[in-house]
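A closer look at the structure
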Amino acid sequence: MDRVWQERAIRSWFSMWLEGKAGDLTALFTPDVQYIESWGPEYRGVSQVRHWFQEWNTRGRVLVWELRSILHDGDRSVAEWYFKNTVDGRMEEFDGLSLIHWSGDGRIRRLQEFGCQRDRYDPYADGPDPKFQERPSLWF
């Protein structure tokens, strides 16, 4: 697999979100791609990914999508990133991972995102019994 192309493809996808403009998604994704967001929505097929992208960008804006590292293993890659956006009048930010499965022709055939809250704490800071913060959980 061409790692340089894969890294360019990942960076291209992030750039599209930062610019709010979908480029040639058929160059990045297989026609039957499966895309799973960290909080549950699942999109099947490049046309549904395109619709989601265009619709979401009418309600929100990606402010930061910083790629931190990429690991490769055979036909899979893991991208580590930091994400910040505004959507439907609220600000969101979190750390995340994308597990990417590549097709034989170098396009993404499956992408699953995993999110991690940035507001972290040590529940054992005050002793051996955990003290968890009383707050609503984020959607992932």
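The structure this text deals with has already been given above.
As the structure is a prediction and not an experimental result, all values here were calculated from the model.

1. With respect to the environment of His 72
The residue His 72 is located in strand β3 (residues 60-73) in this model. On a C-alpha basis, the gap between His 72 and Ala 125 in space is 36 Å, while along the polypeptide they are 53 residues apart. Of note is the side chain of His 72, whose polar atom sits 2.6 Å from the side chain of Ser 77.

2. Description of the nonpolar core
Core analysis: the largest hydrophobic core is formed by 30 residues, its most contacted members being Trp 13, Phe 29, Tyr 35, Val 49 and Trp 65. Elements represented by at least two residues in this core include exactly α1 (3-19), α2 (25-28), β1 (29-36), α3 (46-59), β3, β4 (76-87), β5 (90-102) and β6 (108-117). Of all the elements, α1 adds the most residues to this core, at six residues.

3. Some thoughts on empty space enclosed by the protein
Over the atoms a probe the size of a water molecule is rolled, and this reveals where empty space is left. In this structure the tally under the stated criterion is one cavity of 30 Å³ or more. Considering the residues around the largest cavity, the lining is formed by Ile 10, Trp 13, Phe 14, Ser 98, Ile 100, Ile 108 and Leu 111. Elements that contribute at least two residues to the lining of the largest cavity include exactly α1, β5 and β6. A per-element tally of the lining of the largest cavity places α1 first, with three residues. For the lining of the largest cavity, the class distribution of residues is six nonpolar, one polar and no charged.

4. Remarks on the layout of surface pockets
Taken as a whole, the largest pocket holds about 340 Å³ of empty space. In terms of lining, the largest pocket is formed by 21 residues, of which the most central are Glu 37, Trp 39, Trp 56, Phe 83 and Glu 92. Elements that contribute at least two residues to the lining of the largest pocket include exactly α3, β3, β4 and β5. Residues belonging to the lining of the largest pocket are distributed by class as follows: 13 nonpolar, two polar and six charged.

5. Section: α3
Counted at 1.5 Å a residue, the expected span for α3 with its 14 residues is 20 Å, and the 20 Å between its end C-alpha atoms agrees. Turning to α3, its buried residues are Val 46, Val 49, Trp 52, Phe 53 and Trp 56. Each buried residue of α3 sits inside an arc of 115° when the element is viewed along its axis, so together they form one side. Summarising the geometry of α3, the exposed residues directed more than 90 degrees from the buried face are Ser 47, His 51 and Thr 58. Looking at the buried residues of α3, the elements they touch are α1, α2, β1, β2 (42-44), β3 and β4.

6. Regarding the side chain of Glu 92
Mapped onto the elements of the fold, Glu 92 is located in strand β5. For Glu 92, the side chain forms a polar contact with the side chain of Arg 90, separated by 3.2 Å.

7. Some points on the pattern of salt bridges
Counting across every chain of the model gives twelve salt bridges. With its nearest N and O atoms 2.8 Å apart, the salt bridge here joins Arg 44 to Glu 42. Since its relative accessible area comes to 35%, Glu 42 is described here as partly exposed. One salt bridge in this structure joins Asp 95 and Arg 118, with 2.7 Å as the shortest N-O distance. Taken together, the positions of Asp 95 in strand β5 and Arg 118 in the segment after β6 put the pair 23 residues apart, joining distant regions of the chain. Overall, Asp 95 belongs to the buried group, its relative accessible area being 12%.

Each value, and the rule that gives it
- Residues numbered from 1 in each chain as written.
- Predicted model: local features only at pLDDT ≥ 70, side-chain atom pairs only at ≥ 80, totals over all residues.
- Heavy atoms only, no water.
- Helix = DSSP H or I, 4+ residues; strand = E, 2+ residues; numbered from the N terminus.
- Polar contact = N/O pair within 3.5 Å; in protein donor to acceptor, adjacent residues only side chain to side chain.
- Core = buried A, V, L, I, M, F, W, Y, C linked by side-chain atoms within 4.5 Å.
- Buried < 20%, exposed > 50% of the residue type's maximum accessible area, 1.4 Å probe, protein only.
- 1 Å grid on protein atoms, 1.4 Å probe; cavity = no way out; pocket = protein on both sides within 12 Å on 5 of 7 lines; lining within 4 Å.
- Points joined across faces, edges and corners; volume = space filled by probe spheres on them.
- Nonpolar A, V, L, I, M, F, W, Y, C, P; charged D, E, K, R; others polar.
- Expected span 1.5 Å × (residues − 1).
- Arc of directions from axis to C-beta.
- Contact = heavy atoms within 4.5 Å.
- Salt bridge = Lys/Arg side-chain N within 4 Å of Asp/Glu carboxyl O.

Interpretation note: all reported values are geometric properties and have no functional meaning in isolation.
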